[in-house]
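Structure at a glance
Each chain, written out:
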Amino acid sequence: MSKQYTRVIHWFRRDLRLTDNSALHAAAQAAAGVVTVYVVSDWKGSHAWTGAPRQAFLSGCLAALEKNVAAIGGRLIFRQGEAVAELERLIAETGAEAIFYNRDPDIYGRQVEQALARRGRELGVAILGFKDVVLHQSDEVLTGTGKPYRVFTPYRKNWDLLPKPEVLPAVKQLTPPAAALASLPCPDLSTWGLLDAGTVLPEPGERAARVRLKEALARVIPYYSARRNIPMGATTSRLSPDLRMGTLSVRELYHRVANVAAETEDAGVRKSCQTYHSELAWREFYMQLLQHFPVVLDQEFEASWRGLPWSHDQALFQRWKDGLTGFPIVDAGMRELRATGQMHNRVRMITAMFLTKDLRLDWRLGEQYFMQALIDGEIASNNGGWQWSAGTGADAAPYFRIQNPWTQTKSYDPKGEYIRHWVPELKHAPLEHLLEPPEEGSLFRSPGGGYPAPMVVHRRERDRTLDMFKKHRELQGR
Ligand SMILES: Cc1cc2nc3c(=O)[nH]c(=O)nc-3n(C[C@H](O)[C@H](O)[C@H](O)COP(=O)(O)OP(=O)(O)OC[C@H]3O[C@@H](n4cnc5c(N)ncnc54)[C@H](O)[C@@H]3O)c2cc1C
């Protein structure tokens, strides 16, 4: 079969896999030779939106991809620097007639795509972007009048009705580019001048992602509705880092879950699959929100909540980051995050609400820290989650609905298993110290074992926070 192109470039970005990869599949179909490249970012030392845990996981995924590409006859080229300039150089070196890539939903990624498209036109090289990171792009799910959704439920209804793209076969063969083509080594933490934070990471790469997918389909997703709020144990799929790096395709995930539902008579399992699909819709809801309302990156989605007098007290912030607030469930979450680069969704909500409603710290501080610490750090979902918790976002918890960390513990970690796992000082503490605040007046009683007493009284802070929101509202004349 004759091919449209002699040689093209596939630019890997957040699609680090060979299976069900839209742009790579299309490139392999269209061209006799496909040069695969990853352009490594060239910042050094620190970055506002990432940190050592995610970069270490990314490096591992790239090393796995390099092997996988080699196993089918290709070679993954690493370059470092500004993407458009590096790709232009590679076009000149290879004589490529086109660049294939999967679209990035993030603002920065889209700006690079626009710049690349402009340069491609000047050079006479086809620049071909594909939908891959999402099932539905931001312009596909719109209201009847063609406007973006601001609320999740109607968005999800519409999202649900749209036919889902099919899974594509894995690319089975690539041809190696000319041996002379230079490549940097696969990056590691030293590439960005980062030190190993000692984070215990999941195994990186496509093969490991597929093992996790299989496990989740068999043992987690069928019971998801009932268990997903319990932070201890395998209660959620833990696939977000794979969706973040693209070691797993969201199309395949969606369809495999749909198959579980189709093959069962059990209404509970079907409901669980539906709930799981709904979480994938949340991911895309937040992505479209960020695209249509980029202002959320700096400001509150709900304009009337802009200008709230959030605190920036660094000492309070540090205790929260260190997991030393004296609120066992909050500290367990923060320590899980530091140890693993991951945190259960329920605990993300609890820790985020504690930061914003008990400490009244600016949600942007927490948002940035999560981006630096999480291996699944996703600007859109993270921003959405933080604004939800702060009460300032789309579909946010209204400001007067403030979760009580103690009540949350009783509901979701009633035996203190999650807390004892992550806070060793509390391993032998009586259960009531994990579930109840100390008696009023004995605020400074610590449960012992070197563990601090609660740094604030929740009830009191709750009232102060309600007051802050009310006063702001009055100032706005509402
Ligand atoms: C304050 C805060 C910050 C968050 N930051 C991130 C982030 O940086 N990256 C990220 O991927 N998710 C983020 N989330 C959403 C959610 O916590 C994680 O997606 C989830 O914990 C990942 O674990 P899982 O794969 O086991 O999820 P599962 O429960 O198995 O869900 C399956 C998938 O659905 C998606 N999903 C689930 N819940 C949400 C949600 N609330 N919003 C958007 N997508 C969702 C994820 O892609 C997830 O992998 C955040 C939530 C909060 C409250």
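In this text, all values refer to a predicted model and were calculated from it rather than measured experimentally. (Residues numbered from 1 in each chain as written. Predicted model: local features only at pLDDT ≥ 70, side-chain atom pairs only at ≥ 80, totals over all residues. Heavy atoms only, no water.)

Thoughts on the site of the ligand
Around the ligand, the surrounding shell holds 27 residues, and the nearest of these are Tyr224, Thr236, Ser237, Arg238 and Asn345. One of the side-chain N or O atoms of Ser237 is found 2.6 Å from an oxygen atom in the ligand. Here Glu279 contributes a side-chain N or O atom positioned 2.9 Å from a nitrogen atom of the ligand. With the chains in place, 95% of the 810 Å² that the ligand exposes on its own is no longer accessible. According to the grid-proximity analysis, the pocket containing the ligand is the largest pocket. Elements with a minimum of two residues in the shell around the ligand: helix 8 (240–245), helix 10 (267–292), helix 13 (345–358) and helix 15 (379–390). The element best represented in the shell around the ligand is helix 10, accounting for six residues. Split by domain, the residues of the shell around the ligand number at least three in each of domain 2 (134–169 + 206–292) and domain 3 (303–472). (Near = heavy atom within 4 Å. Polar contact = N/O pair within 3.5 Å; in protein donor to acceptor, adjacent residues only side chain to side chain. Areas by Shrake-Rupley, 256 points an atom, 1.4 Å probe, with all protein chains shown as cover. 1 Å grid on protein atoms, 1.4 Å probe; cavity = no way out; pocket = protein on both sides within 12 Å on 5 of 7 lines; lining within 4 Å. Sits in = over half its atoms within 2 Å of the grid points. Helix = DSSP H or I, 4+ residues; strand = E, 2+ residues; numbered from the N terminus. Domains from an automatic or database assignment.)

Some points on the sheet that holds strand 3 (residues 76–80)
In spatial order, the strands read 3-2-1-4-5; together these five strands make up an open sheet with parallel pairing. Here the strands that pair on one side only, and so sit at the sheet edges, are strand 3 and strand 5 (126–130). In this sheet, neighbouring strand axes are inclined to one another by 30 degrees on average, regardless of whether the strands run parallel or antiparallel. Examined bridge by bridge, strand 2 (residues 31–40) and strand 3 share five bridges and lie parallel to one another. What sits directly across from Val39, in strand 3, is Arg79. In this fold helix 2 (residues 52–71) packs onto strand 1 (5–12), strand 2 and strand 3, with an angle of close to 145 degrees to the strand it touches most, strand 3. Sitting on the sheet, helix 4 (residues 107–123) is in contact with strand 1, strand 4 (98–102) and strand 5, with an inclination near 165 degrees to strand 4. (Pairing = 2+ DSSP bridges. Axes fitted to C-alpha atoms, helices over the stretch in contact; angles between N-to-C directions. Contact = heavy atoms within 4.5 Å.)

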